[in-house]
Amino acid sequence: MQSLEVRIMKTKWKNASSLDLNGENQQDANGLCDMITVLKGRRPGSTPNSDSGMWAHSMTVQDYQDLIDRGWRRSGKYVYKPVMNQTCCPQYTIRCRPLQFQPSKSHKKVLKKMLKFLAKGEVPKGSCEDEPMDSTMDDAVAGDFALINKLDIQCDLKTLSDDIKESLESEGKNSKKEEPQELLQSQDFVGEKLGSGEPSHSVKVHTVPKPGKGADLSKPPCRKAKEIRKERKRLKLMQQNPAGELEGFQAQGHPPSLFPPKAKSNQPKSLEDLIFESLPENASHKLEVRVVRSSPPSSQFKATLLESYQVYKRYQMVIHKNPPDTPTESQVRLVPVSFEDPEFKSSFSQSFSLYVKYQVAIHQDPPDECGKTEAETPPNGPDCGYGSFHQQYWLDGKIIAVGVIDILPNCVSSVYLYYDPDYSFLSLGVYSALREIAFTRQLHEKTSQLSYYYMGFYIHSCPKMKYKGQYRPSDLLCPETYVWVPIEQCLPSLENSKYCRFNQDPEAVDEDRSTEPDRLQVFHKRAIMPYGVYKKQQKDPSEEAAVLQYASLVGQKCSERMLLFRN
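These numbers come from a predicted model, not from an experiment.

J.: Just to check I follow, could you spell out the overall build of the chain for this structure?
T.: Within the chain, the regular secondary structure consists of 15 helices and 17 strands. Taken over 567 residues, the chain has a buried fraction of 47%. A separation of at least 24 residues holds for 70% of the contacts in the chain among residues at least 6 apart in sequence. Per element, the accessible surface of the chain, about 29,300 Å² overall, is 52% carbon and sulfur.

J.: Looking at this structure, I do not really get the nonpolar core. What am I missing?
T.: If you look at soluble globular proteins, the nonpolar side chains tend to sit buried side by side. One finds Tyr 471, Leu 476 and Phe 502 to be the most contacted residues of the largest nonpolar core, which totals 84 residues. Sort the elements by how many residues they give to this core and helix H11 (residues 428-446) lands first, with nine residues. Look past the residues within four positions of Tyr 471 in its chain and what remains in contact with it is Cys 96, Phe 101, His 107, Val 430, Ala 433, Leu 434, Ile 437 and Met 455.

J.: Looking at this model, I keep getting lost on a nonpolar patch on the surface. Mind explaining?
T.: The grouping of Met 317, Val 318 and Ile 319 at the surface amounts to a nonpolar patch, some 190 Å² of accessible area in total. One can find Met 317 in helix H9 (residues 299-319).

J.: Please clarify how unusual backbone geometry should be interpreted in this entry.
T.: If a residue is not glycine, its phi is most likely negative; likewise, a peptide bond is most likely trans. The omega angle of the peptide bond from Ser 295 to Pro 296 is -5 degrees, so this bond is cis rather than trans. With respect to the helices, strands and loops of the structure, Pro 296 is situated in the loop between strand E8 (287-295) and H9. Geometrically, the link from Arg 472 to Pro 473 is a cis peptide bond, its omega value of -5 degrees lying close to zero. Within the element layout of this structure, Pro 473 appears in the loop between helix H12 (463-466) and strand E13 (474-477). The backbone of Arg 526 sits at a positive phi, close to 60 degrees, despite the residue not being glycine. Along the chain, Arg 526 turns up in the loop between strand E15 (521-524) and strand E16 (527-530).

J.: Mind showing me how you'd approach the sheet that holds E13 here?
T.: Paired through backbone hydrogen bonds, the strands of a sheet run either parallel or antiparallel to each other. If you trace the eight strands from one edge of the open sheet to the other, you get E8-E9-E10-E11-E12-E7-E13-E14, paired in mixed fashion. Looking at which strands have only one partner, the edges of the open sheet turn out to be E8 and strand E14 (484-486). Pairwise comparison of adjacent strand axes, ignoring direction, gives a mean angle of 35 degrees for this sheet.

J.: Is there a simple way to think about the environment of Val 61 in this case?
T.: Within the secondary structure layout, Val 61 lies in helix H1 (residues 61-68). In the structure, Val 61 is positioned 345 residues away from Asp 406 in sequence and 8.6 Å away in space, judged by C-alpha atoms.

J.: Just to check I follow, could you spell out helix H13 (residues 487-496) for this structure?
T.: For an α-helix the count is 3.6 residues per turn, leaving residues at separations of three or four pointing the same way. Those residues of H13 lying buried are Ile 487, Cys 490 and Leu 494. When H13 is viewed along its axis, its buried side chains cluster within an angular range of 55 degrees and face the same direction. Facing away from the buried side of H13, by more than 90 degrees, are the exposed residues Gln 489, Glu 495 and Asn 496. Tucked into the core, H13 has its buried residues touching strand E7 (92-96), strand E12 (452-458), E13 and E14.

J.: Help me out: how do you make sense of the packing of aromatic side chains in this one?
T.: In this description, a pair of aromatic rings is defined by centroid distance and the angle of the planes. Applying the stated criterion to the full structure yields twelve aromatic pairs. With a centroid separation of 6.1 Å and 45 degrees between ring planes, the pair formed by Tyr 531 and Tyr 534 is classed as tilted. Taken as a pair, Tyr 531 and Tyr 534 lie in helix H14 (residues 531-534) at a separation of three residues, close to a single helical turn. Looking at Tyr 531, the relative accessible area reads 2%, which means it is buried. Taken together, the ring pairs in this structure connect Tyr 78, Tyr 80 and Phe 457 into an aromatic cluster.

J.: Just checking my understanding: could you explain the packing of helix H2 (residues 105-120) against H11 for this structure?
T.: Put simply, H2 and H11 touch, their axes get as near as 10 Å, and they point 100 degrees apart. In terms of their interaxial angle, H2 and H11 are classed as roughly perpendicular. Across the interface between the two elements, His 107, Val 110, Leu 111 and Met 114 of H2 pack against Leu 428, Val 430, Tyr 431 and Leu 434 of H11. Its residues assigned to classes, the contact of H2 with H11 shows seven nonpolar, one polar and no charged.

J.: What am I meant to see in the confidence of the model for the chain here?
T.: Reading predicted coordinates in detail is not appropriate for stretches of low pLDDT. Here the chain averages 73 in pLDDT, and 60% of its residues register 70 or above. Confidence drops under a pLDDT of 50 for residues 244-260, and excluding neighbours within four residues, the segment shows 24 contacts in the predicted structure.

J.: I would appreciate a short explanation of the side chain of Asp 510 in the present structure.
T.: Of note, Asp 510 is situated in the loop between H13 and E15. With a relative accessible area of 9%, Asp 510 lands in the buried category. Polar side-chain contacts of Asp 510 include one of 3.0 Å to the side chain of Arg 70. Each residue touching Asp 510, except ones within four places of it in the same chain, is listed here: Arg 70, Glu 480, Thr 481 and Tyr 482.

J.: Can you help me understand a positive patch on the surface in this one?
T.: On the surface, a cluster of positive charge is contributed by Lys 105, Lys 112, Lys 116, Lys 120, Lys 224, Lys 226 and Arg 229. Within the residue set of the positive patch, elements represented by two or more residues are H2 and helix H6 (225-240). A total of four residues in the positive patch trace back to one element, the largest contributor, which is H2. Tracing the sequence through the fold places Lys 120 in helix H2.

Basis of the calculations
- Residues numbered from 1 in each chain as written.
- Predicted model: local features only at pLDDT ≥ 70, side-chain atom pairs only at ≥ 80, totals over all residues.
- Heavy atoms only, no water.
- Helix = DSSP H or I, 4+ residues; strand = E, 2+ residues; numbered from the N terminus.
- Buried < 20%, exposed > 50% of the residue type's maximum accessible area, 1.4 Å probe, protein only.
- Contact = heavy atoms within 4.5 Å.
- Areas by Shrake-Rupley, 256 points an atom, 1.4 Å probe, with all protein chains shown as cover.
- Core = buried A, V, L, I, M, F, W, Y, C linked by side-chain atoms within 4.5 Å.
- Patch = residues over 30% accessible without salt bridge, like charges linked within 9 Å, V, L, I, M, F, W, Y side chains within 5 Å.
- Salt bridge = Lys/Arg side-chain N within 4 Å of Asp/Glu carboxyl O.
- Pairing = 2+ DSSP bridges.
- Axes fitted to C-alpha atoms, helices over the stretch in contact; angles between N-to-C directions.
- Arc of directions from axis to C-beta.
- Phe/Tyr/Trp six-rings, centres within 6.5 Å; stacked < 30°, edge-to-face > 60°.
- Parallel < 35°, antiparallel > 145°, perpendicular 65-115°, else oblique.
- Nonpolar A, V, L, I, M, F, W, Y, C, P; charged D, E, K, R; others polar.
- pLDDT = per-residue confidence, 0-100.
- Polar contact = N/O pair within 3.5 Å; in protein donor to acceptor, adjacent residues only side chain to side chain.
- Lys, Arg positive; Asp, Glu negative; His and termini not counted.
- Charge placed at Lys NZ, Arg CZ, Asp CG, Glu CD.

Below you can see the structure in the form of structure tokens.
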């Protein structure tokens, strides 16, 4: 499949786009939205037929929302869509559902680590990986064995010891053949009695195991963490109200080992509680997160651009081993195309010159205003508006990390993160993702339809991309029908095959597929016409194939909103 590279330039209208497959662009005077130039080529570094791409100056948020819901993604100003059944590592769009999100144990560790650093200046020992953190592995309960000693105060250990001696004296002549079975039964009984909180003087132990074999009866038996937590709760209640609340609870017929239903204060802390936990007045550090608009650039963005860029440049050098003479603010990674390529420079100059000439002649725009973008701030949208933003992390008055995000009609889309490598020990990749999830929940309070957090692509065979599946609940996008499927349902299929159709309904199809290509809007000789009219004037057989390919990639809705410019 021949891939496409598209450049988009936005005007002040918001109802359609213009696209050209030949390297030029135009726009009519009736009020259109995005100015797009399409060039032949593919994403730098990609393999042949691995993706289709567009290079965009700007794009309306609704157009981009619809595109990412069809598997498109942007990196800086480059928008691309992998050819899923041909690439070696299929990239599935993944989104998290923040309204139901609960941080895992490893997520809580990262948040607590940040709080300890801010409050006391504590720096964790050893190296700390910023990316994948396995949230499926639970840690051992700290201090459980020390706690057993406290809990056993409630048991009559002296009586137990006397019973053991008495038992040994009276039954010490039992046959050795019976020892293993009797020992096993008595150990189970000891554990059951201690776990229930009942006096243990009725326990009879028949024999002592040989050295190195069996349990050491002089020490409390090992128990499950759940049982220990129950005992911890019971002990706490007894200490607070020895004759009151606990006795009343027992009077209702409940065993002493049980405890009352959890109070509200014992409910798991929310993500916001963990992030915004209060710090002491004499905290060692102060962290502030600022959201600044990057497109169109706000005054705050312009004022902090140089400092932000220095963090980005150092991140690229240390983390990605880029040479010190690269990148510039608008290059490497943020715009992954080569500005030194002669074909690119020539086509870009020609395209932009035509765009400026058109804006001045048709819309009477001043030449210096051409190419400027406007923020989209509808009344029912978030207070900050839609568009591209930088979420800056300020520590003690300096930027240590920047999260690049897009705020779209239905989601917050995470684009990229860069940070000062000196602060890698804070696991800023995980921390920023949790902050962005909390930010999405905050925006949802004002804009109810904005309820998802898009994390880019999930690659099951790549650990550095697979970790995204640990932010649950989450969904993967079916590459054939473009419906969202819970990741739990997708993982078994991905274990067997890299490329999968997640939609289990064999009859299901892409609802927004291009079913009426003749309705696709074409701009030709300063006139807008349906493709059905335009194609009657064409004799080149390759023309229809190119147009149909474009329509299948962007879907019916976008093909009708955008104008496909043809010479």
